[in-house]
Amino acid sequence: MSLLAHPTASLAIRTASVAEIPTLRALAERIWRRSYATLLPPGQIDYMLDRMYAPETIAREMAEGVIWEIAWLDDEMIGFHACTPEAETGRIKLNKVYLLPEQQGWGFGQRLLDRVHALAAQRGAGRVWLQVNKQNARAIRAYERAGYAIERSAVFDIGGGFIMDDFIMTRPVSASDATIT
């Protein structure tokens, strides 16, 4: 497929509603099962999906100010991001950014990242930070292309007998980021 057959200009990113939580959960399930099959054991995928994408968890996060936005290509939900403004640190944490595997490589992931950077700039944040699995080379390369650098590595005990072995990556936010939406 050429980029002319699949232009990023038709991508729309908008705030997720509480009514869309079940659809977000289903989309996360589709993406995680395909994207993490070679990185995480099935039991950890199940555990993390149940923990991070339970409807009550997403609803609570929305109520607490976590920004959830959905990427739509025409009338199809193809991805999403969630980020948390951290007023006390002057940063935004990019909690999640996911696209269906068949929609990767078209610039949609960069568009989602651009949106997060714009949200950060509009809120006066100086940096965006994220955690990424150390084995997720494709995601790490994408973040590096978007201006992120590895700050440190960290291991997190997430319960259930599982850990996350991640890199913490950060990116400065500039005033010019505010104009990208």
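Residues numbered from 1 in each chain as written. Predicted model: local features only at pLDDT ≥ 70, side-chain atom pairs only at ≥ 80, totals over all residues. Heavy atoms only, no water.

Chemist: Looking at this model, I keep getting lost on the overall build of the chain. Mind explaining?
Modeler: Each helix and strand counted, the chain has five helices and seven strands in total. Computed over its C-alpha atoms, the radius of gyration of the chain comes to 16 Å, within 12% of the 16 Å expected for a compact globule of 181 residues. Each principal axis of the C-alpha atoms in the chain carries an extent, and together these give about 45 × 40 × 35 Å. Buried positions account for 46% of the 181 residues belonging to the chain. Taking as baseline every contact in the chain between residues at least 6 positions apart, the subset at least 24 positions apart corresponds to 62%. Of the accessible surface of the chain, which amounts to about 8900 Å², a share of 54% is contributed by carbon and sulfur atoms. (Helix = DSSP H or I, 4+ residues; strand = E, 2+ residues; numbered from the N terminus. Rg over C-alpha atoms; globule rule 2.2 N^0.38 Å. Buried < 20%, exposed > 50% of the residue type's maximum accessible area, 1.4 Å probe, protein only. Contact = heavy atoms within 4.5 Å. Areas by Shrake-Rupley, 256 points an atom, 1.4 Å probe, with all protein chains shown as cover.)

Chemist: Whenever I open this one, the pattern of salt bridges confuses me. Can you help?
Modeler: When their charged atoms lie close together, side chains carrying opposite charge are able to pair. One pass over the structure, following the stated rule, counts 13 salt bridges. Notably, a salt bridge pairs Glu 69 with Arg 115, separated by 2.8 Å at the nearest N-O pair. Within this pair, whereas Glu 69 is found in strand S2 (residues 67–73), its partner Arg 115 is found in helix H4 (residues 108–122), the two being separated by 46 residues in sequence. Arg 115 carries the same exposure label as Glu 69, and that label is buried. Here the residues in one salt-bridge network are Arg 25, Glu 29, Arg 33, Asp 46 and Asp 50, joined through shared partners. (Salt bridge = Lys/Arg side-chain N within 4 Å of Asp/Glu carboxyl O.)

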